[in-house]
Every structure is written in structure tokens, then in C-alpha cells.
Amino acid sequence: MIGVFDSGVGGLSVLRAIRTLIPAQPVIYLADQAHVPYGPRPLDEVREFSRAISQFLIQQGAQVIVVACNTASAAALYHLRQTFPETPFVGMEPAVKPAAESTQSGVVGVLATPATFQGALYASVVERFAHGVTLLQDTCSGLVQQIEAGNLNGEDTRRILENALLPMLARGMDTVVMGCTHYPFVIPLIQQIVGEAVRVIDPAPAVARQTLRVLEAHGWLAEGDAPAPVRFLTTGDGEAFRRMIVRLLGKVFPNPQVEVIQWDEQIHPELVY
Ligand code: DGL
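Every chain begins its residue count from 1, and numbering advances along the sequence as written. This being a predicted model, a pLDDT of at least 70 is required before a residue's local features are given, and a value of 80 or more before pairs of side-chain atoms are given or counted; all residues contribute to the totals for chains, interfaces and linings. In computing side-chain values, all of the structure's heavy atoms are included and hydrogens and water are not.

Here we take up the overall build of the protein. To qualify as a helix, a DSSP run of H or I must reach at least 4 residues; to qualify as a strand, a run of E must reach at least 2; elements of each kind are numbered from the N terminus. Looking only at helices and strands, one finds 11 helices and 12 strands in the protein. Relative accessible area decides the class of each residue, using a 1.4 Å probe on protein chains only: under 20% of the type maximum gives buried, over 50% gives exposed, and in between gives partly exposed. The buried share among the 273 residues of the protein stands at 56%. Here, residues are in contact when the closest pair of their heavy atoms is within 4.5 Å. Considering only contacts in the protein between residues 6 or more positions apart, those separated by 24 or more positions represent 77%. Asp and Glu count as negative and Lys and Arg as positive, but His and the ends of the chain are not part of the count. Note that the charge is assigned to NZ on lysines, CZ on arginines, CG on aspartates and CD on glutamates. Taking the average location of the 19 positive side-chain charges in the protein and that of its 26 negative ones, the two points are 5 Å from each other.

Now the structure itself:
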């Protein structure tokens, strides 16, 4: 079984890619909506949430964990691998490498949270792959909350994206990287703003391929194509999460069941089921 987590609905963009590639693999997806957004929080706080969530997912039977959140990957990936050496972790990093390889203009936009831009992971990606490329960064403040609220196309969402993208376009950007797993859900709006000539990179299919390789390497890959069950859990409002799953992934999951779990504030941060 694969464990997948994010602060909220963003990781569903990664789950969608995993489901397309390996439908027979059972999945447990946890949305930490009690704490969304992660992006403005200190890295050590996000690291603690990620540790407790990973422990919980392992207890529930997850063999591989996909950190379907750039912010949690930036804050915690290294520590998770140290803390749970038996469990392989697949993380996210902003897709600067494919962007740098394919840009013609040499100007690449990166949209990610403040915590992702602060982390050592982003610095290392930039150092390794961004030679000779101008990177323009924006945190799209407030965009995660708009997407959590299901506002994929409204005025506020458009304004946040225009403020980020129009100055990048004016500087010659021809490629833009989704450095937060929530943002692929507004790609239609992004593409409207930047035009079809600008390439938008969603790393989810690459993360799904990496997950497949890890499963294969451990001999854990499920056989066949028959869709396996997916458990959805949230630390927030179960009904609101259920509606968003149907809204975002209704074709794949027309009738999701959502379980609600809680943070135990006494022994914070541990999850109780
Ligand atoms: N979806 C997450 C990411 O990829 C986190 C967004 C947030 O909670 O701020 O960074």
C-alpha cells in the first residue's frame, strides 16, 4: 500500500497521476486540513507534522510514502528518511531541471510556497540545474486557500495568478513550474493567462513514475489493472473534503468515503484514529 499526504487537496494532483499509472495499488491518502496552509509555517513545525503523519501512515500499513507536498518535502524529506529507514519515501522538488532543459528564452517561472523557497532542497535544485537560466519566483500568496475552498476560476484566484504571472511574461518567461501540488488544479486558468505558447510543468507524472520504480524495486507492485481501494482521511472537515474530491477527481472517485482523524493536542503532534 502507498501512503500519500499533503496539507490538503493538493496531493490529489499527485494521487491522480499515481492512479493513472498504477491503478491496482491500494492507497491511503491523508490531508492535514487542520493545518493547511503549510507554506507560511516555520519549516520545523511542518517537519513535526510530517513525522507524525508518516508514523500514522506506516501504522495503517503504508509501505511506501509519497510526500505529495513540496512544502513538506522541503521541510522534512531528509529527516523522514533518517527517522523511518525501513520505509522508502518519494518526495517532490520544484521541476527546475526539465524546465531548464526545455526553455528557449532562458526565463523560467517557479510558483511555490514561501517555505519551499526557503528550504535547502530548492537551493540545491537551483544550484544543480539552473545554470544560465533566469528563475523568476512567486509565492502566490493566498492561492492554496482559494484552491482549498474550491475557487478554481473566480476573480480572487485570477488576480493572484495575474499578479504573479504577468510580470514574468513581460520578462520573457516561456516555461512555468508548478512548485506546489495544489497549483495543477488551476492550470486551465494559468494557461488562459499566459497563453498556449508557455509550457506549464506539473511534476506529478514524474513522481508517479518514481513511485512505480520504488514499488518494483521492492517487489511490492500490485498485479493487474483492476482499481484497488483508496482510503481518504482528513484532519479537517470530512464532508468538505469529500465534496472537493468529487469536484477535483470525480471521474476517478465518484463516491469517495472520507474518514476523519484528529490531532491529539495532549501529546501533540500525534494522530489519533
Ligand atoms: N500542496 C503543498 C505544496 O506542494 C502545500 C501548500 C500549503 O499548504 O501551503 O507545497
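What follows is about the state of the cysteines. When two cysteine sulfur atoms are found within 2.5 Å, that pair is recorded as a disulfide. If you walk through the whole model with that rule in mind, you get 0 disulfides. Free cysteine Cys 140: the closest other cysteine sulfur is in Cys 180, separated by 8.6 Å. Residue classification places Cys 140 among the buried residues on the basis of a relative accessible area of 2%. Residue Cys 180 stays outside any disulfide, its sulfur separated by 6.8 Å from that of Cys 69, the closest cysteine. Given a relative accessible area of 6%, Cys 180 falls into the buried group.

All right, on to the environment of Leu 249 then. Tracing the backbone through its elements, the reader meets Leu 249 in helix α11 (residues 238-249). Sequence spacing of Leu 249 and Ser 13 is 236 residues, and the spatial spacing of their C-alpha atoms is 8.6 Å. Excluding its chain neighbours within four sequence positions, the residues that come into contact with Leu 249 are Leu 12, Leu 15, Arg 16, Phe 185 and Met 244.

A word on the pattern of salt bridges. Salt bridges, as used here, are contacts in which a Lys or Arg side-chain nitrogen is within 4 Å of a carboxyl oxygen on Asp or Glu. Throughout the structure, instances matching the rule amount to 9 salt bridges. Of the charged contacts in the structure, one is a salt bridge between Arg 231 and Glu 259, with a shortest N-O distance of 2.9 Å. Within this pair, whereas Arg 231 is found in strand β9 (residues 230-234), its partner Glu 259 is found in strand β10 (residues 258-260), the two being separated by 28 residues in sequence. According to the relative accessible area criterion, Glu 259 is partly exposed, its value standing at 21%.

A few words on the packing of aromatic side chains. Put simply, two rings from Phe, Tyr or Trp (the six-membered ring, in Trp's case) pair if the centres are within 6.5 Å, and we call them stacked under 30 degrees between planes, edge-to-face over 60, tilted for the rest. A complete count under the given rule lists 8 aromatic pairs for this structure. With centroids separated by 6.2 Å and ring planes inclined at 40°, the aromatic side chains of Phe 84 and Phe 89 adopt a geometry described as tilted. The two residues Phe 84 and Phe 89 agree in class, both being buried. An aromatic cluster is built from Tyr 29, Phe 232, Phe 241 and Phe 253, whose rings are joined through pairwise contacts.

Right, let's get into the site of the ligand. As a matter of local geometry, the ligand sits amid 14 residues, with Ser 7, Tyr 38, Gly 39, Asn 70 and Thr 71 nearest to it. Two N or O atoms count as a polar contact when they lie within 3.5 Å, although within protein this holds only if one can serve as hydrogen donor and the other as acceptor, and sequence-adjacent residues are included solely when both atoms are side-chain atoms. Residue Asn 70 places a main-chain N or O atom 2.8 Å away from an oxygen atom belonging to the ligand. Separating an oxygen atom of the ligand from a backbone N or O atom of Thr 181 is a distance of 2.8 Å. Its free accessible area being 300 Å², the ligand has 99% of it covered by the protein chains. Here a cavity denotes a set of grid points, spaced 1 Å apart and computed over the protein atoms alone, in which a 1.4 Å probe fits but from which it cannot get out, and a pocket denotes an open set meeting protein on both sides within 12 Å along at least five of seven lines; residues with an atom within 4 Å of a point are reported as lining. A molecule is said to be in a cavity or pocket once over half of its atoms fall within 2 Å of that pocket's grid points. Among the cavities detected, the one that contains the ligand is the largest cavity. Proximity criterion: a residue is near a molecule or strand once any of its heavy atoms comes within 4 Å of it. Here, Shrake-Rupley sampling with a 1.4 Å probe gives the accessible areas, and only protein chains in the shown set may cover a residue.

Further remarks concern the nonpolar core. In this structure, Leu 12, Leu 111, Leu 161, Leu 165 and Ile 190 are the most contacted members of the largest nonpolar core, which totals 58 residues. Considering every element that reaches this core, the biggest residue donor is helix α10 (residues 204-218), with 6 residues. When neighbours within four sequence positions are excluded, Leu 161 is seen to be in contact with Leu 111, Cys 140, Leu 143, Leu 166, Val 186, Leu 189, Ile 190 and Ile 193. Formed by 27 residues, the second largest nonpolar core is a distinct cluster that contains Phe 5, Tyr 38, Ala 52 and Leu 77. Among buried residues, those of type Ala, Val, Leu, Ile, Met, Phe, Trp, Tyr and Cys that are joined through side-chain atoms within 4.5 Å constitute a nonpolar core.

Bringing the sheet that holds strand β2 (residues 27-31) into the picture now. Following DSSP output, two strands are said to pair if at least two bridges run between them. The 6 strands are arranged β4-β3-β1-β2-β9-β10 in an open sheet whose pairing can be described as parallel. Taken across any chain shown, the strands that pair with only one partner, and hence form the sheet edges, are β4 (89-90) and β10. One ladder, built from 5 bridges, connects strand β1 (residues 2-6) with β2; its direction is parallel. Within the sheet, the bridge partner assigned to Gly 3 lies in β2 and is Ile 28. Fitting a line to C-alpha atoms yields each axis, with helices limited to the stretch in contact; the angle taken between N-to-C directions then spans 0 to 180 degrees. Contacts from helix α1 (residues 12-21) reach β1, β2, β3 (64-67) and β9, with the element oriented near 175° to β9. Across the face of the sheet, helix α2 (residues 43-59) comes into contact with β1, β2, β3, β4 and β9 while running at roughly 155° to β1.

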